[in-house]
Structure formats: structure tokens, C-alpha cells
Amino acid sequence: MKELPKIYEPQKIENEIYARWEKSGYFNPDNIDSKETYCNILPPPNANGELHIGHASGYTVMDIFGRWARMNGKKTLLLPGKDHAGIQTQVVFEKKLQAEKGLSRQEIGREDFYKKTYAFCIDRADYMRSQEKKIGISADWSREKFTLDPDVLKTALETFVKMHEDGLIYKGKRIINWCPRCGTALSDVEVLHKETPGKLYFIKYPIENSTDFITVATTRPETMLGDTAVAVNPKDKRYSKLVGKNIILPLQNTIIPIIADKRIDLSFGTGAVKITPSHDPLDWEIGKDHKLEEIQIIDEKALITELGGKYAGLTVHEAREEIIKDLEKLNLLEKIEEMTHSVSICERCKTIIEPLTSNQWFINVDAKNFSLKKKAIEAIKKNEIEIFPNNFQKILIDWFDNMRDWCISRQIWWGPQFPVWYCTNSQLTTHNSQPKCSEPIISIEKIDSCPHCGGAVVQDENTFDTWFTSSQWAYTTLKSKEKDFEMFYPTNTMVMGRDLLFFWSSRMIMMSLYTTGKIPFKNLFFTGLVLDKDGHKFSKSRGNGIDPLTVIEKFGADALRMSLIMDSAPGQNSRLYEEKIETFRNFANKLWNISRYCLSQENFKLVEEISKEDINSEADRWITDSLNELIGKTNQLFESKQISVAADLLKTFTWNSFADGYIETQKIEKNDKVLGYVLDKLLKLWHPFIPFVTEHIWTLAGEKELLMISKWPAYEESKQAKTSSYFPFVLSLNKTIRNVRKEKNIESAKKIELWVETASASSEKVILENADFIKKSAGVSVIKFNEILIGGFIQRVVGECIIKIPLVGLIDVELERTKAEKEIANLEKFITGSSTRLGNKEFVSKAPEQVISQQKETLAKKQAELAELKKHLASLK
RNA sequence: GGGUGAUUAGCUCAGUUGGCUAGAGCACUUCUCUUACAAAGAAGGGGUCACUGGUUCGAGUCCAGUAUCACCCACCA
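Rules used in this analysis
- Residues numbered from 1 in each chain as written.
- Chains lettered and ligands numbered in written order.
- Predicted model: local features only at pLDDT ≥ 70, side-chain atom pairs only at ≥ 80, totals over all residues.
- Heavy atoms only, no water.
- Helix = DSSP H or I, 4+ residues; strand = E, 2+ residues; numbered from the N terminus.
- Buried < 20%, exposed > 50% of the residue type's maximum accessible area, 1.4 Å probe, protein only.
- Expected span 1.5 Å × (residues − 1).
- Contact = heavy atoms within 4.5 Å.
- Near = heavy atom within 4 Å.
- Polar contact = N/O pair within 3.5 Å; in protein donor to acceptor, adjacent residues only side chain to side chain.
- Nonpolar A, V, L, I, M, F, W, Y, C, P; charged D, E, K, R; others polar.
- Core = buried A, V, L, I, M, F, W, Y, C linked by side-chain atoms within 4.5 Å.
- Pairing = 2+ DSSP bridges.
- Axes fitted to C-alpha atoms, helices over the stretch in contact; angles between N-to-C directions.
- 1 Å grid on protein atoms, 1.4 Å probe; cavity = no way out; pocket = protein on both sides within 12 Å on 5 of 7 lines; lining within 4 Å.
- Points joined across faces, edges and corners; volume = space filled by probe spheres on them.
- Phe/Tyr/Trp six-rings, centres within 6.5 Å; stacked < 30°, edge-to-face > 60°.
- Right-handed = clockwise from strand over helix to strand, strands pointing away.
- Parallel < 35°, antiparallel > 145°, perpendicular 65-115°, else oblique.
- Left-handed = near helix turned anticlockwise from the far one by under 90°.

## What to know about the environment of Glu 578
Thought 1: You can see Glu 578 is positioned in helix α17 (residues 578-600).
Thought 2: The exposure class of Glu 578 is partly exposed, given its relative accessible area of 39%.
Thought 3: With 27 residues separating them in the primary sequence, Glu 578 and Val 551 have C-alpha atoms 8.4 Å apart.

Here it is as C-alpha cells:
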């Protein structure tokens, strides 16, 4: 056996191991022969940058479940991909274009811009794929998809066609969120709200044919140019007489009505609200119900339109100042109050959103023939999808309940254009003469001329919302091979960050139910956000980012994986920092050294199965039994998706039981077969978490096949002993003796005597059985039971035994007294509590038998210990 | 305004059907380079489980309320 380095060096082996996995072909489910399948479609990162720590976190979770499934013999598919990420990528690439070539997208034109952005994405995707491999994802790269791949896109567009036929899609003028900087409409979820200090302006509107006024309060006085009504609550007695009358809108001098609407809050401002249907969502709703005119006075660049009269061309801000000045001159400004209110901003560029009416494409999410949101709610309520953490279920249902129609058109260039064509003759001909030409033509294939009149056609300028394609990802990816779709859909697991709850998970559920009639995934697992040491989000502006590749280079991929999943429950945020990663680097090294020790044993090899004959000692019984128990618990925890608890359990077993306990013991009582058996199982159990180091050790141990496809350990009930092993007692006995030796500075060559007092026959038996081991490892010459020892000795309590070590002349009476007193205090506290409980009739009558007998047993034991200790204390004078 | 989560050792966090004296890692103190491992080993200190009530024989765990923090949602003009 060649000499192995003391320190595990992940940098030297990880790439090679990944290459072996890939070459083996087992990432591809086609090469696994099984009837059972497992599928996780990986969330596609935006193909415009690089991986960040959040991606690494999600990927780790997915890969852990994936590798677990594969080792359980399932045809396992982790399907990777990339997202074109419409607006975001357009913003990123425009900046790049400007910085590198000094060109705007308008200067190179739509077609060229699209081509260049596409090439950019493909390039980034290549780089990102290499990053994903570094993390160790066992994904099938032969099936990798991009949201704009022709086959993927075709399926997505077919959904659009079908939805259009089913009447779930309409194009109409509605109020939408408009980002003036991005120059596009945004859906509700793409808008953020920010509490901002502002002013509330109270403006007097003169009542027609009267000298009276009605005062309205507004934070946006400039929108009054587009007012078409003033509304009050019908229950508001202050204004009931005015409803039905008209006012003269100042500055514009138009006549508009005073209306009653129950959506108006009596308690806010003056209770009277100016209604601007074109520039406020609620006003738009009210305007629609009252059939009010819509006057667009703000354009798509956030400038006042021609309809704004003398203010035309001003920015919103300028117009506001001018209007306030003019109102003051007219003596129509009653007062200004300071207030904070929430301002809508663009999720991508933080520009203030202008609500305005615009002609956009919408999905009706609550159609009569197929209510997307109701179907989704129904599936969730029936628990067809299990959600981790479970309480996200309610949040999701609430969100669906309040969901409004989904605006799917964007006025950007990057992304799939609507497959909709208009005949250029449609505007020239009357509706009656050529009805069909005025209808839009929906066609996935490119159209050159109008099928009705042969005239020229133009394609709809709009581009799809990114989430329109992403929401179909669960099946568009699989549908490019019909066999895959049949085999893997619905998928087993979806893992995503909690920030995607509304953006993505919700829409995937809706769209999948519509298109396939089935849920997209059976399990929906949310990861929390990864934060820095102080609990802040990682961000470029804060400069606190942790680059996954740097971490991998420094500590290894295994350490990164562990640090991302440990100490975190589903949906909970977790923190990441170097010291934490270091502890898992240290753990990988520990496992490495454990293995190094094992491999250094003569004739060592990994052992798949052992029989009863192979178990020689109490230590062997204990470790194999504990291991079996560990396997059982690990499997349960995997089933319930508690991987961090499972990893914690594995770590405790590996470090404390196996390394510190069994290996130390077995240096004296060798049993390489058990050693090989435990290591075999541990490498398998650890593999999903830390695939690189385990695979490496596996190979060094002489295994020819890959660990990645080895058989996952099964709990064997028949093997499990009825009672737990006494061996931990031997270990602690040993430890206590060694500790005494150390305290008293007894040189290792000097043997000591061990006098044991115990009423427990089983303890005595165990000590006798392990006498050789105790003698050798603790330097004991002779062991005596229940004999009277006179003279100086040190006394300790171990389990059900009092041990005495004669050490004439070496006893520090003061120290011994202190120790004894402290222990006595502890015991008395426990005994008091325990006796009180046992004296309580209710406890005795109501608690389960097992709890009571256990309590009694412990109490008796502790009382005996206490008596001994008191005797001992008395002897120490 | 509505909702969710958090609150356990100096720090970061586990603790899933309520049951022996509440755990881990890091940090700290003391000792040890003993041939798997100093990225380690041994020993040790450190906690009224945010607060107040309730249910229960028994509560870190269940219920109600309070406080502080974080996040999310919302058409507060």
C-alpha cells in the first residue's frame, strides 16, 4: 500500500473524480436498469453571469437527494438547464454592449441584438456548466436544456396557442406596471414596494354652480390632469348630498362627476378621492365600473402627454412642482402634510413604476372553463404536492386567492416574440368587408403573408415574460423526448429558493395542471436564503459575496456542500462564513484519516456483509449495532427530507463512536473485518453529502465499481439487538481511569490496581469480559470486585459502579473533596426532583409504565452513588 | 393593514408525534506533537431554552397573549 498524505487535498482529486463519474455514463438514467425512477428538473440559472452561493446551496440539496435515489437503485435523472432571463439579460447585455462597443441596442437593431445576446448566453452557459460540475452535481448533461432551445420553445408556444383557443388569453388595454427605464410592462410580482417619505397634498376642487369646494388628498397631484371623477364612500354622510353633482377640474377646466364607491376609505385624508383611471390601479377598476373616461396624461417615458395641456413634455416631477405653484396661485391648495407611503419600484432597476393603461397580453387566471388558480389551490389543498416546509402551503394558497390576471407581454427584445401576426390590410379594410383580416393570426411557424387576403403581415412586437417559459419548465424539458416525459413526469422533487415561491412555484403548478393535467412535481422543497456572517444578503454593492469557486479551491467542494446544508431547516435562512466551511473541511480530513488508518491495517478491505461469526467482542457488537441503528435513522430522515439532521447524526457517529470509540479500542483488539464493514457503510451513507472524498477513499480501498452506484445500506431489524450495548460504559470506565492517571501524572509504564464496587451483575460481567482490553488500554494490573479497600485511594463513579484506585501518597485531599462535594450537590438536586415526581400520585397513575420504572431505576442508582460519595467524602479528612 | 419566521451557551445553530440532570460546532481555560489525524487528542468552564399566563402528572417542545428582530404580501389615494 502506497503512503497516503496526512492531509486530504481535494484540489488534487476532485476534477479527476468528476471526470470518472461523467465518463461512467451513470449520470444518464438510460444506463441504469430499473423500473423505479427519480427525477428532479434543476432550476435553470439565468444564463447571463455566473453561479453564486445561492445556486450552490440549491444544487447541493438536489444532488444529495439525487445521489441518494441513484444509490437506491432508481433510474435517476437530474436535468440541468439555463434560462434566457428576459429583462435581466437584456439589461446586462445592453450594459456590456455600451461598455465594450459604445453601442445601444437601437443602433444595432432588434435582429442583430437578439443574435448577439443569444451568443452571449450560450457562452455564459458554457462557463456556468463548468461551475456546476465543480460543485459535484450528478446531472445528465446530455439532456441539458436552454429555455430558447427550439424544441423547448415550441412546446411552450403551443401552450400559448392552446390557451388562446381556450379563451384563457386576451389582449387588452388595462392598467399595468410600467418601468420607464426598462421601457416595458411588468407583472405584479416584478414590482417591489418601498416605504418612502412623501407629501400628501390637499387640493380644493370647485363644485359646479356653487361656491363650495370638495377637498381631495393625493400624493401625486400631477395626475389630476387625468382625473375623470371624484369618488366618496356611499356611507360617508359628509358627502352624501354632493354625490351626483359635478366639479370643475382645476387647470384642465373640465367637468367631472362626483361618484360613490364602496372601495373608498372614509378615514383616509378627506374621504374624497380624485379618480385617475389611466394612472392608478384602483382608480382604473373604479373607472371601469363607473364607465369613466381614461385620459392618459403620462407617457411611457414618464413625461406628461399632449393631453396634459401646458404641462406637456415635463417630467412627472417637474409637472408636480408646476402644478402645486399654479394651484397655490389659484388658492386651491388647502394644505400639505408629511407622510410615508409605499412607492412601487422596478425589481430589476429600482426605477419608480408608473402605472398606466396599455395594450398588453394577459392570461386570465380565473377563467370559467379552466380556472388556473382554482385548480392550483385544489391540488395543493388535496396535498398532491408535499411542500417543505409545510407552512408555505398556506402562504401559497393565500397568494393564489388574491392573484390577478397575469400580464405576459414585455416590450423588450430579448426573449421569444409572440407568435401573433397582423395583416397590414386589416386597418384599411372595414370589419364587414374582410372580417378575417382584422383578426390576429396565431401561428408558431413564421408567416409571410395573410392567409385570407395574401397581404403583408407584421409580427406582434411583444416578447414573452420570462416566467411564461419558465413556468412550463417541468414538462418542456422532458417533452423533447416523449419517452422521458412518460417515464419521469410528474417529477419527484423540485428544489428552489424561497424567493421563488410566487414567481415560479405557483406558476409552474398552474401551467402544468393546465397543459398536462398533472402536477409538475410531488415534492416541493424550499431552501432559505444564504446570508453572510452578520445575517445580511450577499450583494455586489455590499461587497460581501462569497464565490463558490474560490471556496472550492480553498476548502474543497465537499466542505462547501456540507456548510451549505448543515444547521438549516427547509425554508429557513442560514449563514455562511469561512470558519464554518473550515469545520467541514476539517471533517473531510478526519474521514480521510480514519480511512488512512483503516487502509494501513494488513489485509484491510471494505466488507459488504458480515456474519455473527465475525463479531468477536463487545466493542464489535456495539459498533455494528449502533451502525445498524444509524442506518435506520438516516433512512427515516432522508424520507422526511431532514438531510441536515441526518448529516449531523452521521457526523457524531463517525467522529465520536467510530473514530474515538471503536478505532481506539480496536487498536488493542483488532478486528479488520468489522472495521472494513463499518467503513464500507459509512462511505455509502456519506456519499450523497460529500461525494468526492468518499469516492476517492472507495477507490483507494481497491473497489473497482464506483461508489456512486453502490447499494445504499438498508436497516436490518433482525440484526438489531434488543438491549443496548454496555460498551459505552467500558469506554467511559477506560476514560475515567486514564483521566485519573493523567491528573496524578502517573507514567504510562506504571500499572495501577482497579477496585470495583457494584451491585450490578451485568456491569461486573461486562468488565470481566473486557478485562483484557481495560488492562491494556488503561494500564491496569488487576481488577477486584466488591472487596474492602483501606487506605488512600481515588474514587470515581462510572455508570453503576464505584471505582477505587489505590494511590497511596498521591492524593490531593482538597481537590478530591471539592470534586466529591460538587458531585454530591448535583446528585442531591436530581434526587430531590426525582423523588418529588415519584411521590406525586398523579404522576404515578398517569405516566406510562416505562417512564415510571425508568425514573425509579435511575433514582435508586443515584441514591446508591450518593451514599458511596458521602462515605468517600467522610474518609477524606 | 394582513401574513410568516426567528428569539436555546460569548458567536452560529440543532433539538418532528411533550418524558431521565437541554445538545453540537466555533470561541475560551488547562494539558498533550502517544506512529490515522495539531485541519488532532484529552479534560474543563459557560444556558432561569425572550417574557407572561394556560393545558398537562410532566412543556425548549402544545395553546393564548406580550416584546424585540427579520422577511413577505397589499389598490393607505
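Once you've had a look at it, read on.
## Some remarks on helix α20 (residues 672-686)
Thought 1: For α20, built from 15 residues, the straight-helix expectation of 21 Å at 1.5 Å per residue is met to within 8% by its first-to-last C-alpha distance of 21 Å.
Thought 2: Taking burial as the measure, the 15 residues of α20 include 13 buried ones, the bulk of the element.

## Here's the deal with the side chain of Thr 357
Thought 1: You can see Thr 357 is positioned in strand β14 (residues 354-363).
Thought 2: The contacts of Thr 357, once residues within four sequence positions are left out, are Lys 173, Arg 174, Ile 175, Pro 277, Ser 278, Trp 284, Glu 294 and Gln 296.

## Focus: the protein's contact with RNA strand B
Thought 1: Contacts to RNA strand B come from 53 residues, most closely from Phe 268, Arg 585, Gln 642, Trp 655 and Lys 846.
Thought 2: For RNA strand B, the backbone portion of the atoms within 4 Å of the protein, that is sugar and phosphate, comes to 60%.
Thought 3: A distance of 3.3 Å separates a phosphate oxygen of RNA strand B from a polar atom in the side chain of Lys 6.
Thought 4: Of all the elements, α17 adds the most residues to the surface near RNA strand B, at nine residues.
Thought 5: Tallied by class, residues from the surface near RNA strand B come to 19 nonpolar, 14 polar and 20 charged.

## Some remarks on the nonpolar core
Thought 1: Counting residues in each nonpolar core, the largest one holds 117 residues, and the members touching the most others are Phe 658, Trp 686, Phe 689 and Ile 737.
Thought 2: If we skip the residues at most four places from it in the chain, Trp 686 touches Met 562, Phe 587, Leu 591, Ala 647, Leu 650, Lys 651, Thr 654 and Thr 694.
Thought 3: Ranked by size, the runner-up nonpolar core spans 70 residues in total, among them Phe 93, Ile 380, Trp 414 and Phe 503.

## Some remarks on the environment of Pro 419
Thought 1: Position of Pro 419 relative to the elements: it lies in the loop between β17 (409-410) and β18 (420-423).
Thought 2: In this structure, the C-alpha to C-alpha distance between Pro 419 and Ile 441, residues 22 residues apart in sequence, is 8.3 Å.
Thought 3: For Pro 419, the residues in contact, after removing those within four places along its chain, are Leu 157, Phe 160, Ile 441, Ile 442, Ser 443, Ile 444, Gln 459 and Phe 464.

## Notes on unusual backbone geometry
Thought 1: A cis amide bond links Phe 388 to the next residue, Pro 389, at an omega of -5 degrees.
Thought 2: Structurally, Pro 389 is set in the loop between β15 (386-388) and α10 (392-401).
Thought 3: Geometrically, the link from Tyr 489 to Pro 490 is a cis peptide bond, its omega value of -5 degrees lying close to zero.
Thought 4: Here Asn 253, not a glycine, exhibits a phi torsion of approximately 55 degrees, which is positive.
Thought 5: A residue is classified by how much of its surface remains accessible, and Asn 253, at 59% relative accessible area, is exposed.

## Side note on the environment of Gln 417
Thought 1: One can find Gln 417 in the loop between β17 and β18.
Thought 2: Accessibility expressed as a relative area gives 24% for Gln 417, which makes it partly exposed.
Thought 3: C-alpha of Gln 417 to C-alpha of Asn 462: the two residues are 45 residues apart in sequence and 5.7 Å apart in space.
Thought 4: When sequence neighbours within four positions are dropped, the list of residues in contact with Gln 417 reads Arg 110, Gln 459, Asp 460, Glu 461, Asn 462, Thr 463 and Phe 464.
Thought 5: From its side chain, Gln 417 meets the backbone oxygen of Asp 460 in a polar contact 2.8 Å long.

## Comments concerning the sheet that holds strand β27 (residues 780-785)
Thought 1: Strand order in the open sheet formed by four strands is β27-β26-β29-β28, and the pairing between neighbours is mixed. On the outer flanks of this sheet lie β27 and β28 (793-798), each paired with one strand and no other. Ignoring strand direction, the axes of neighbouring strands in this sheet form an average angle of 25 degrees.
Thought 2: Inspection of the sheet shows strand β26 (residues 752-758) paired to β27 by five bridges, in the parallel sense. The residue of β27 that forms the bridge with Ile 752 is Val 780.

## Digging into empty space enclosed by the protein
Thought 1: For the structure shown, the criterion picks out two cavities of 30 Å³ or more.
Thought 2: Considering only enclosed or pocket space, the largest cavity measures out at about 140 Å³ in volume.
Thought 3: Along its surface, the largest cavity is lined by 14 residues, and Ile 175, Ile 176, Asn 177, Asp 188 and Arg 404 are the ones closest to its centre.
Thought 4: Where the lining of the largest cavity is concerned, the elements lending two or more residues are β5 (169-179), β14 and β16 (406-407).
Thought 5: The element contributing the most residues to the lining of the largest cavity is β5, with four residues.
Thought 6: For the lining of the largest cavity, a count of residues per class yields eight nonpolar, two polar and four charged.
Thought 7: Reported here for the second largest cavity is a volume of approximately 30 Å³.

## Some remarks on the packing of aromatic side chains
Thought 1: For the structure shown, the criterion picks out 38 aromatic pairs.
Thought 2: Judged by centre distance (4.8 Å) and plane angle (15 degrees), the rings of Trp 68 and Phe 638 are stacked. Of this pair, Trp 68 sits in helix α2 (residues 53-71) while Phe 638 sits in helix α18 (residues 618-639), and the two are 570 residues apart along the sequence. Phe 638 carries the same exposure label as Trp 68, and that label is buried.
Thought 3: With a centroid separation of 5.7 Å and 85 degrees between ring planes, the pair formed by Tyr 118 and Phe 146 is classed as edge-to-face. One end of the pair, Tyr 118, is in helix α5 (residues 110-135); the other, Phe 146, is in strand β4 (residues 145-146), with 28 residues separating them in the sequence.
Thought 4: Residue Phe 146 is classed as buried on the basis of its relative accessible area, which comes to 6%.
Thought 5: One aromatic cluster in this structure is built from Phe 65, Trp 68, Phe 388, Phe 525, Phe 587, Phe 638, Trp 655, Trp 686, Phe 689 and Trp 712.

## Comments concerning the pairing of strand β22 (residues 491-497)
Thought 1: With seven of seven residues buried, β22 lies mostly within the body of the structure.
Thought 2: Once the chain exits β22 it traverses helix α14 (residues 501-516) before rejoining the sheet at strand β23 (residues 521-527), and the crossover so formed is right-handed.

## Points about the packing of α17 against α20
Thought 1: Taken N-terminus to C-terminus, the directions of α17 and α20 make an angle of 150 degrees; their axes are 11 Å apart at the nearest point. The orientation of α17 relative to α20 falls into the category roughly antiparallel. Here α17 runs over α20; the crossing is left-handed. Contact residues: Phe 587, Leu 591, Ile 594, Ser 595, Tyr 597 and Cys 598 in α17; Leu 675, Leu 679 and Trp 686 in α20.
Thought 2: Per-class residue counts for the contact of α17 with α20 are eight nonpolar, one polar and no charged.

## Re the sheet that holds β5
Thought 1: The four strands lie next to each other as β6-β5-β14-β16, forming an open sheet whose pairing is antiparallel. The open sheet has two edge strands, β6 (184-186) and β16, and neither has a second partner.
Thought 2: As judged from the 10 bridges shared by β5 and β14, these two strands associate in the antiparallel manner. Opposite Ile 175, over in β14, you have Thr 357 as the bridge partner.

## Digging into the layout of surface pockets
Thought 1: Taken as a whole, the second largest pocket spans an internal volume of roughly 1,400 Å³.
Thought 2: Forming the boundary of the second largest pocket are 47 residues, of which Thr 219, Arg 220, Asp 280, His 341 and Ser 342 lie nearest the centre.
Thought 3: Those elements that place two or more of their residues in the lining of the second largest pocket are β7 (191-206), β8 (213-218), β12 (272-275), α7 (281-289), α8 (316-329), β13 (333-346) and β14.
Thought 4: Per-element tally for the lining of the second largest pocket: the top contributor is β7, with eight residues.
Thought 5: By residue class, the composition of the lining of the second largest pocket is 19 nonpolar, 16 polar and 12 charged.

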